[in-house]
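What the coordinates show
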Amino acid sequence: MGGRAGSGRASRRGLPAQRPGRGGPSRRLRVPEARAAYAGAIADCAELMAAADALDAEVWVASNISAMRSDVPTDEAFTVLLLDLIDEAERDGRTGCAVLLTAIAAVGPREVAGAAGAAASRVTGRAGRRRGAAAEAEVPLPSWTGLLGKATVGECLLWTDEFGEYCHVFCEFAHADGDRRHGLNVTIDLAFHGVVSAIAMVSQPANLDRTMAGLRRGKPGRGRVESIGAQRARSLVLAAIEASRDRERPTLRSGPEPDELCYAYLPLLTCRMLGVPAAEPAPQTAPATLAEAWPTSRRTALVEAFLAAHPRGWGHPAPDRMFAERVVDASIEVLGFPPDRIGPIIATRLFGEVLPRTLIAPQVVLRSARKVAMAWVAWVGASGDLSWRARLRLRRRMLLVRVVFERMSRDRRVNPCFPYVADLPARRAGGDDIQATLDRRWFAVPEPGRRGGITFERADPERRGSSVTIDVDDYDAADPSHRKALTTIDQAVHGTGQDLLPACVAVVEQLWADEPAQVWQAAGRLSAAGVPRQQVIRRLAAVWQRCDAADPAEYAAALESVGRPVAR
């Protein structure tokens, strides 16, 4: 049992419910649908009882109990399932259940440690009070039961890659009896808020010695390795665990995703680190968070230094400055990484996902932003202590990322705002102009997700006799034909007559182009009076129909009276 338990994930199997218990709480199950899973975990306690030592028992709990978290959507839901399992194990009351409860209390999730420990005490107490044949039938507790969760820390190593984007914290442990040296290797993703991205258990002493020797030689790759104290290892790992539980942390498609092993060993890792004596708290001199370490003044100074290093610029001074400021803010707020450092992972996440998803800029500015991104990465890389090999690796990565950056920024599935500002000139790429354009064009053509959820069937032009489902959210607002189709469908669904539909399409085009300006002003007055969007467009369309298309002045004058109070 040196690694994963031999039977796999027994608690996932749909086994028959266990036999009636021998006492314990008579509570109803919180999740009765999982009764078979509880029964399977209890039935497999024989494997736990057969563990050779405390470490094998802890690995069994990690593999068969804690690893179930990967199948459950939230920590809260997993806690509820474990509380049910604890109640069922106490109700069963056999020696194997007492060991299971003791092990969960020692190295299981901390949220249920108290409940599991109390249940284990009650089960063992009942076993001690039994007399006669019932007592003779009881199996004694394994000799290692008292060692569960009680391990002392040995040597600790810290390896950090050359870009400072991730690190390994490796700690050696041994149980209180000095048997079975083992190690835990924690990978911390410094390029995304310092969260735990992987946990590996080294359970055989021979493998442990090879792993530690490899770390001392810098085996993971280019970087630096150092021997650290147990208190520092404790601080690093517990901070990473806490960062992993932060629900306010932004989501990132390219960010770290915990796998089954990470879920399995996280409770055991937490137990091991909490067992390390904490160091004396140091006086609070440094900022508590990265955002506090990078106030607005420091962010501005970094951008100014970057622009000063490139006096020729890239053709669009104001948008280029805004883009550099956005790079700094996104690095701090989204990735949790200092903006004066860079690496391949940060470059990929920053310019391949975060900025394309959030940057609202016209096509002409995107071309310039791509140049700014290349210059930023090269400048930050040269400002640090990176080797020439590291800078070359970074440059090669950016040659790929810059292509992804512009393509993803134009992809309306990634950046749904881009079609609404794609055609703006650089002089109108400032924040106020962008927002004003978005407000007007969102009124003319609502953004995806706000188009009423309309779907319909039409003949598939590629397959005779078949149909295809059309979702209006798939229409591209930048395409005039799509705007026409979307406006026609939207107005028809809301009861607009066929004779008025062409005029509605014309009004939407006027709003999109902001020509004449009076049409958006009139729409604003009607909206302020509480008139729904579809009715606003219909009323403006009726005005357009009554006017001579060859006389713009007549139309503008008519629009000036729309939405204004009538004089008596």
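Structure first, text after, so check above.
Residues numbered from 1 in each chain as written. Predicted model: local features only at pLDDT ≥ 70, side-chain atom pairs only at ≥ 80, totals over all residues. Heavy atoms only, no water.

**Quick word on the overall build of the protein**
Within the protein one finds 23 helices and seven strands. Here the protein, with 568 residues, has 46% of them falling under the buried criterion. Of the contacts formed within the protein by residues at least 6 apart in sequence, a portion of 69% connects residues at least 24 apart. (Helix = DSSP H or I, 4+ residues; strand = E, 2+ residues; numbered from the N terminus. Buried < 20%, exposed > 50% of the residue type's maximum accessible area, 1.4 Å probe, protein only. Contact = heavy atoms within 4.5 Å.)

**Observations regarding the pairing of strand S4 (residues 195–202)**
Among the eight residues that make up S4, six are buried, leaving the element largely enclosed by the rest of the structure. Sheet analysis places strand S3 (residues 182–189) next to S4, joined by seven bridges and oriented antiparallel. Looking across to S4, one finds that Val-186 is bridged to Ile-199. Two successive antiparallel strands, S3 and S4, enclose a turn made up of five residues, where His-193 displays a positive phi of approximately 65°. (Pairing = 2+ DSSP bridges.)

**Quick word on the environment of Gly-125**
When you line up the elements, Gly-125 lands in helix H6 (residues 113–129). Spatially, the C-alpha atoms of Gly-125 and Ala-98 are 9.9 Å apart, while their sequence positions differ by 27 residues.

**Remarks on the environment of Ile-188**
Structurally, the position occupied by Ile-188 is in strand S3. Judged by its relative accessible area of 3%, Ile-188 falls in the buried class. For the pair Ile-188 and Val-237, spaced 49 residues apart in the sequence, the C-alpha separation amounts to 8.0 Å.

**Overview of the sheet that holds strand S1 (residues 151–161)**
The five strands are arranged S4-S3-S2-S1-S5 in an open sheet whose pairing can be described as antiparallel. At either margin of the open sheet sits one strand with a lone partner, and together these are S4 and strand S5 (223–228). The average undirected angle you get between the axes of adjacent strands in this sheet is 20°. Strand direction decides the pairing type here: S1 and strand S2 (residues 166–175), joined by eight bridges, are antiparallel. (Axes fitted to C-alpha atoms, helices over the stretch in contact; angles between N-to-C directions.)

**Remarks on the packing of helix H3 (residues 54–64) against helix H10 (residues 260–274)**
Between H3 and H10, whose axes approach to 7 Å, the crossing angle comes to 135°. On the basis of their axis angle, the class for H3 and H10 is oblique. Residues Leu-55, Glu-58, Val-59 and Ala-62 of H3 touch H10, and the partners they reach there are Ala-264, Tyr-265, Leu-268 and Arg-272. Taken together, the residues of the contact of H3 with H10 sort by class into six nonpolar, no polar and two charged. (Parallel < 35°, antiparallel > 145°, perpendicular 65-115°, else oblique. Nonpolar A, V, L, I, M, F, W, Y, C, P; charged D, E, K, R; others polar.)

**Concerning the nonpolar core**
Inside soluble globular proteins, nonpolar side chains tend to come together where they are buried. Ranked by internal contacts, the top residues of the largest apolar core, which has 69 residues, are Ile-65, Leu-85, Leu-100, Trp-144, Tyr-265 and Leu-269. With ten residues, the top contributor of residues to this core is helix H5 (residues 95–107). Val-195, Ile-346, Met-374 and Ala-429 belong to the second-largest nonpolar core, a separate cluster that totals 50 residues. (Core = buried A, V, L, I, M, F, W, Y, C linked by side-chain atoms within 4.5 Å.)

**Here's the deal with the environment of Glu-165**
Along the chain, Glu-165 turns up in the loop between S1 and S2. As a C-alpha pair, Glu-165 and Gly-343 span 178 residues in sequence and 6.8 Å in three-dimensional space. Those residues in contact with Glu-165 that sit more than four places away from it in its chain are Ile-188, Asp-189, Leu-190, Ala-191, Phe-337, Gly-343, Pro-344, Ile-345 and Ile-346. A distance of 2.7 Å separates a polar side-chain atom of Glu-165 from the backbone nitrogen of Ile-346. (Polar contact = N/O pair within 3.5 Å; in protein donor to acceptor, adjacent residues only side chain to side chain.)

**Quick notes on the packing of aromatic side chains**
Under the criterion given, the structure shown has twelve aromatic pairs. Ring geometry for Trp-544 versus Tyr-555: centroids 4.8 Å apart, planes at 70°, classification edge-to-face. Placement of the pair is Trp-544 in helix H22 (residues 533–546) and Tyr-555 in helix H23 (residues 552–561), with a sequence separation of eleven residues. Exposure remark for Tyr-555: the relative accessible area of 3% places this residue in the buried category. Through a chain of ring-to-ring contacts, the aromatic side chains of Phe-306, Trp-314, Trp-376 and Trp-379 assemble into a single cluster. Cation over ring: Arg-272 sits above Phe-173, and NZ or CZ is 5.8 Å from the ring centre. (Phe/Tyr/Trp six-rings, centres within 6.5 Å; stacked < 30°, edge-to-face > 60°. Lys NZ or Arg CZ within 6 Å of the ring centre and 35° of its normal.)

**Focus: the packing of helix H4 (residues 75–92) against H5**
For the pair H4 and H5, the least separation of the axes is 8 Å and the interaxial angle reads 150°. It follows that H4 is roughly antiparallel to H5 by the angle criterion. The way H4 lies across H5 gives a crossing that is left-handed. Seen from H4, the contacting residues are Leu-85, Ile-86, Ala-89, Glu-90 and Asp-92; seen from H5, they are Cys-97, Leu-100, Leu-101 and Ile-104. Split into classes, the residues belonging to the contact of H4 with H5 amount to seven nonpolar, no polar and two charged. (Left-handed = near helix turned anticlockwise from the far one by under 90°.)

**Re unusual backbone geometry**
Following Glu-515, the chain continues into Pro-516 via a peptide bond in cis, with omega recorded as 5°. Located in the positive-phi region is His-193, a residue other than glycine, with phi close to 65°. Within the secondary structure, His-193 is located in the loop between S3 and S4. Its identity as a non-glycine residue notwithstanding, Asp-514 has a phi of 55°, on the positive side. As for its placement among the helices and strands, Asp-514 is situated in the loop between helix H20 (501–513) and helix H21 (517–528). According to the relative accessible area criterion, Asp-514 is partly exposed, its value standing at 31%.

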